[in-house]
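Working through the structure, step by step
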Amino acid sequence: MEYTQLGRTGLKVSRLVLGTMNFGPQTDEATSHAIMDAALDAGLNFFDTANVYGWGDDKGRTEEIIGSWFAKDPAHRDKVVLATKVYGNMGPDGAAWPNHDKLSAANIRRAVDASLKRLGTDHIDVYQFHHVDRLTPFEEIWQAIDVLVQQGKILYAGSSNFPGYKIAQANETAARRGTLGLVSEQCLYNLYERRAEMEVVPAAQEYGLGVIPWSPLHGGLLGGVIRKESEGVRRTSGRAAEVLADPAARARLQAYEDLLAKHDADPGETALAWLLTRPGVTGPIIGPRTPEQLAGALRALDVTLGEELLTGLDEVFPGPGPSPEAFAW
């Protein structure tokens, strides 16, 4: 396993991040534990979750599954860099109750204590803002975070789904307070969806944030979806079905799969390996539902992409270019 620093911090994390969103809704507790065992055995030490995972009436269930895994072997906790998120409504009895969502100091205090209880730990390594809160000033957010750091409940703060200007605003406010600010940004970024390269990735690099791409296979579209569809291996639905219904999008994905077939390369492994070549990227989030899917994702760490293939990928999925050149002279 390769390790790298998380942004400008001294924290060492694996080049792949174990996403746990499927734990509970699609993967039962025993299988979730087996996946975490296998990930740790492979040296993968960065685990990502969120307080809302479990969804619906089962919000918080994913954190509970991770907590029960820690309880089985307390030594696991010291080996894992644990990240969770705050923003979504966690009102009592599943109700959308006021002050039980977003990033007010009141909700941050309540949410972190609830996450710690579900996770069965005394601290969270990276506490992430799951979304922008346009109504709460960063002065209030950082005041709440500073207290949690002083109490030892969290070590670092990160963002998720932030635009570039909010990363700048957050860290400039933190700098005025003399505190560390954001150390990571978790964003939608993959071969198919490269708009993060315009401003989010440059802002993260400028302020020393590690970039953690989510949906690295773009909902399975970059995992050889057309071939699997034709072989009857996969039945497309949801976003994947909508994209494949667009002739232009389908043609791009077909060109992608044809290119990889020419190079005898696996689509899913290639998509992950491509992200590992991107400037500023700490590691993409993988979200296995089974131990077999985890094993497949880990193989991407051994994939080396040649210049010809990288050039071909850029031709199929050209990036937007940096800002402002992407939209101005």
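The coordinates are above.
Residues numbered from 1 in each chain as written. Predicted model: local features only at pLDDT ≥ 70, side-chain atom pairs only at ≥ 80, totals over all residues. Heavy atoms only, no water.

A tally of helices and strands in the chain yields 13 helices and ten strands. Relative to its length of 329 residues, the chain is compact, with a C-alpha radius of gyration of 20 Å against a globular reference of 20 Å. For the C-alpha atoms alone, the extent of the chain along its principal axes is close to 55 × 55 × 35 Å. Across the 329 residues in the chain, those meeting the buried criterion constitute 53%. Across the chain, the fraction of contacts at a sequence separation of at least 24, relative to all contacts at a separation of at least 6, is 76%. Here the chain displays about 14800 Å² of accessible surface, and carbon together with sulfur accounts for 51% of that area. A distance of 4 Å separates the average location of the 32 positive side-chain charges in the chain from that of its 43 negative side-chain charges. (Helix = DSSP H or I, 4+ residues; strand = E, 2+ residues; numbered from the N terminus. Rg over C-alpha atoms; globule rule 2.2 N^0.38 Å. Buried < 20%, exposed > 50% of the residue type's maximum accessible area, 1.4 Å probe, protein only. Contact = heavy atoms within 4.5 Å. Areas by Shrake-Rupley, 256 points an atom, 1.4 Å probe, with all protein chains shown as cover. Lys, Arg positive; Asp, Glu negative; His and termini not counted. Charge placed at Lys NZ, Arg CZ, Asp CG, Glu CD.)

With that settled, the discussion passes to helix 6 (residues 164-177). The first and last C-alpha atoms of helix 6 sit 20 Å apart over 14 residues, in line with the 20 Å expected at 1.5 Å per residue. Two residues or fewer after helix 6 comes Gly178, characterised by a positive phi angle close to 75 degrees. (Expected span 1.5 Å × (residues − 1).)

This brings us to the packing of aromatic side chains. In this structure the tally under the stated criterion is nine aromatic pairs. Taking 5.5 Å as the distance between ring centres and 45 degrees as the angle between the ring planes, the aromatic pair formed by Trp69 and Phe70 counts as tilted. Under the relative-accessibility criterion, Trp69 is labelled buried at 0%. Phe70 sits in the buried class, given a relative accessible area of 3%. (Phe/Tyr/Trp six-rings, centres within 6.5 Å; stacked < 30°, edge-to-face > 60°.)

With that settled, consider the packing of helix 1 (residues 29-41) against helix 2 (residues 61-72). Closest axis-to-axis distance for the helix 1/helix 2 pair is 10 Å, and the angle between their directions is 60 degrees. The orientation of helix 1 with respect to helix 2, classified from their angle, is oblique. Handedness of the crossing formed by helix 1 with helix 2: right-handed. Here Glu29, Ser32, His33, Met36, Asp37 and Leu40 of helix 1 come into contact with helix 2, specifically with Arg61, Ile65, Ile66, Ser68, Trp69 and Lys72. Its residues placed into classes, the contact of helix 1 with helix 2 shows five nonpolar, three polar and four charged. (Axes fitted to C-alpha atoms, helices over the stretch in contact; angles between N-to-C directions. Parallel < 35°, antiparallel > 145°, perpendicular 65-115°, else oblique. Left-handed = near helix turned anticlockwise from the far one by under 90°. Nonpolar A, V, L, I, M, F, W, Y, C, P; charged D, E, K, R; others polar.)

Turning our eyes to something else, we now look at the pattern of salt bridges. Summed over all chains, the structure comprises 15 salt bridges. A salt bridge links Glu63 to Arg118; the nearest nitrogen and oxygen atoms lie 2.7 Å apart. Taken together, the residues span a long stretch of sequence, with Glu63 in helix 2 and Arg118 in helix 4 (residues 105-119) at a distance of 55 residues. Owing to a relative accessible area of 0%, Glu63 belongs among the buried residues under this scheme. (Salt bridge = Lys/Arg side-chain N within 4 Å of Asp/Glu carboxyl O.)

Moving on: the side chain of Lys85. Relative to the helices and strands, Lys85 resides in strand 5 (residues 81-86). A distance of 2.9 Å separates a polar side-chain atom of Lys85 from the backbone oxygen of Thr49. (Polar contact = N/O pair within 3.5 Å; in protein donor to acceptor, adjacent residues only side chain to side chain.)

With that settled, the discussion passes to the packing of helix 6 against helix 7 (residues 200-207). Where helix 6 meets helix 7, the closest approach of the two axes is 8 Å, and the angle between their N-to-C directions is 20 degrees. As the angle between them shows, helix 6 and helix 7 are arranged roughly parallel. Of the two elements, helix 6 crosses helix 7, and the hand of that crossing is right-handed. Taken together, the residues of helix 7 that come into contact with helix 6 (itself represented by Gly164, Ile167, Ala168, Asn171 and Glu172) are Val200, Ala203 and Tyr207. Of the residues belonging to the contact of helix 6 with helix 7, the class tally is five nonpolar, two polar and one charged.

Moving on to the pairing of strand 8 (residues 182-188). Among the seven residues in strand 8, six count as buried, and that is most of the element. Direction of pairing for strand 7 (residues 154-160) relative to strand 8: parallel, over a ladder of three bridges. Paired with Ser159 across the strands is Glu185, a residue of strand 8. When strand 8 meets strand 9 (residues 210-214), the two strands line up parallel, connected through five bridges. The partner of Glu185 across the bridge, within strand 9, is Val211. Handedness of the crossover joining strand 8 and strand 9 through helix 7: right-handed. (Pairing = 2+ DSSP bridges. Right-handed = clockwise from strand over helix to strand, strands pointing away.)

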